Amino acid sequence: MGPETAPPPKLPCIDLSSNKLIPGTPLWDRTAAEVLHASAEFGFFEAVYPAIDASERRVMFARLAELFTLPLETKWRNTHDRPYHGFIGGLPRASVSTSPMMLRRVMEYKPPVPSPDTVISLKPHTDTNFITVLCENSGGLEVLVDDNGGSGAFAPLVATMPGSLFVFIGDAFMVAWSNGRLKSVPHRVVLREDKPRLSTGLFMVPEGGWMIEAPEELISDENPRRLYRPFEYFDILSRCYLNPMNMSGQQVFNELLRL
Ligand SMILES: O=C(O)CCC(=O)C(=O)O
Ligand SMILES: [Fe+2]
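The structure displayed is predicted, hence computed values, not measured ones.

S.K.: Would you mind showing me how to read the confidence of the model for the protein here?
M.R.: The predicted coordinates should not be examined in detail at positions where pLDDT is low. On average, residues of the protein score 84 in pLDDT, and 88% of them reach the 70 mark or higher. Across residues 98–102, where pLDDT falls below 50, the model places 14 contacts with residues more than four positions away in sequence or in other chains. Interface scoring of the predicted complex returns ipTM 0.99; its pTM is 0.89.

S.K.: Looking at this structure, I do not really get the pattern of salt bridges. What am I missing?
M.R.: Proximity of charged atoms lets side chains of opposite charge pair with each other. A complete count under the given rule lists 9 salt bridges for this structure. Measuring nitrogen to oxygen at the nearest pair gives 3.3 Å for the salt bridge that ties R63 to E66. Of this pair, R63 and E66 are both found in helix α2 (residues 54–68), 3 residues apart, which corresponds to roughly one turn of the helix. Ionic pairing is found between E142 and R188, a salt bridge with its closest N-O pair at 2.7 Å. In this pair, E142 is assigned in strand β7 (residues 141–145) and R188 in strand β10 (residues 187–191), connecting sequence segments 46 residues apart. Put simply, E142, R188 and R192 are held in one network by salt bridges that share partners.

S.K.: Is there a simple way to think about the coordination of the iron ion (ligand 2) in this case?
M.R.: In a perfect tetrahedron of four donors around a metal, the angles come out at 109.5 degrees. In a perfect octahedron of six, they are 90 or 180 degrees. Only H125 (NE2), D127 (OD) and H187 (NE2) from the protein reach the iron ion (ligand 2) as donors, at distances of 2.1 Å. Written as a sequence motif, the donor arrangement for the iron ion (ligand 2) is H-x1-D-x59-H. Remark: H187 occurs in strand β10 and D127 occurs in the loop between β5 (119–125) and β6 (131–136); sequence separation between them is 60 residues.

S.K.: What am I meant to see in the packing of aromatic side chains here?
M.R.: To describe a pair of aromatic rings, you give the distance between the ring centres and the angle between the ring planes. A complete count under the given rule lists 8 aromatic pairs for this structure. Summarising the aromatic geometry, the rings of W76 and F87 are spaced 4.6 Å apart at their centres and angled 90° between planes, so their arrangement reads as edge-to-face. In this pair, W76 sits in the loop between α3 (72–75) and β3 (93–98) while F87 sits in the loop between α3 and β3, placing the two residues 11 residues apart along the sequence. Overall, F87 belongs to the buried group, its relative accessible area being 8%. When the centroid spacing of 5.1 Å and the interplanar angle of 85° are considered together, the rings of F173 and W177 count as edge-to-face. Separated by 4 residues within a single helix, F173 and W177 lie in helix α4 (residues 171–177), roughly one turn from each other. Assessed through its relative accessible area of 38%, W177 is described here as partly exposed. The positively charged end of R105 is found above the aromatic ring belonging to F203, 4.1 Å away from the centroid.

S.K.: Would you explain the packing of helix α5 (residues 233–242) against helix α6 (residues 249–257) in this entry?
M.R.: Packed helices, taken two at a time, are described by their axes: the angle between them and the distance between them. Contact pair α5 / α6: the axes reach a minimum separation of 10 Å and the direction vectors enclose 120°. One way to sum up the angle between α5 and α6 is to call them oblique. Considering the relative orientation of α5 and α6, their crossing is right-handed. Taking contact as the criterion, the partners of I236, R239 and C240 in α5 are, on α6, G249, V252, F253, L256 and L257. Looking at the contact of α5 with α6, its residues break down into 6 nonpolar, 1 polar and 1 charged.

S.K.: Would you mind going over α6 with me for this structure?
M.R.: Residues three or four positions apart in an α-helix share a direction because the helix packs 3.6 residues into each turn. By the burial criterion, the buried members of α6 are G249, V252, F253 and L257. Down the axis of α6, the buried set is contained in an arc of 95°. They therefore lie on one face. Lining the buried residues of α6 we find α4, β13 (231–232) and α5.

S.K.: Teacher, can you tell me more about unusual backbone geometry here?
M.R.: What is expected of a backbone is that most residues other than glycine have negative phi and most peptide bonds are trans. Even without glycine at this site, N179 takes up a positive phi of about 50°. Tracing the backbone through its elements, the reader meets N179 in the loop between α4 and β10.

Rules and cut-offs
- Residues numbered from 1 in each chain as written.
- Chains lettered and ligands numbered in written order.
- Predicted model: local features only at pLDDT ≥ 70, side-chain atom pairs only at ≥ 80, totals over all residues.
- Heavy atoms only, no water.
- pLDDT = per-residue confidence, 0-100.
- Contact = heavy atoms within 4.5 Å.
- Salt bridge = Lys/Arg side-chain N within 4 Å of Asp/Glu carboxyl O.
- Helix = DSSP H or I, 4+ residues; strand = E, 2+ residues; numbered from the N terminus.
- Donors = N, O, S within 2.8 Å, 3.2 Å for Na, K, Ca; no water.
- Phe/Tyr/Trp six-rings, centres within 6.5 Å; stacked < 30°, edge-to-face > 60°.
- Buried < 20%, exposed > 50% of the residue type's maximum accessible area, 1.4 Å probe, protein only.
- Lys NZ or Arg CZ within 6 Å of the ring centre and 35° of its normal.
- Axes fitted to C-alpha atoms, helices over the stretch in contact; angles between N-to-C directions.
- Parallel < 35°, antiparallel > 145°, perpendicular 65-115°, else oblique.
- Left-handed = near helix turned anticlockwise from the far one by under 90°.
- Nonpolar A, V, L, I, M, F, W, Y, C, P; charged D, E, K, R; others polar.
- Arc of directions from axis to C-beta.

Right under this line is the structure:
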């Protein structure tokens, strides 16, 4: 028996494709309100943003597939002293990543051999960074929905438009940029087919070495005080890394920083 998954509910899908989306216009304001609502209610949304057309996408994923056929010794040469920045092997997925500030990561999930019907390839977690933008070659991403009192169920994220990207609010955004108003949502990857899944993500991370806290503007009648202590991002990331996936970033933030 595979992991249980709820049927796909109606999930937020926001059209960011119009070239009339210009700051100061009513369309901009309406779209910004949709983004805010989705980020507060769900912690993620599907972004209709066909900047990468279908043929570019195909080429990109074909090249990625080639990249992952490199021998392990070669992949392990991609090292970095910061957690999650170099090659990550040993998980059900393999990951190669570059660049410390805007972190572009590519991921391959391979079903184990022999393959069961379904397998959880990436355990439920929240992203610790500010914002994640994901682009995938096949389904498998699932989010926790309707998490009333912890009794939520994972639902598949099915793109309603070809070429969509998925945008996730991370823990650092939840804590520092929204003072708890937006939500970072647990998600996971489940393989239901006996073939590898490829994805690429843009992980927007804070610069290291600075203490980060919610700005004054976010203190309101609704939230009359800061909800979290100031933090240094890589300190938190190292703590998450020390117990990978056993404790989500959200738990680390809530247990260490909640005031
Ligand atoms: O591969 C995916 O689509 C999800 C990756 C992910 O959630 C992560 O690396 O944090
Ligand atoms: Fe994630």
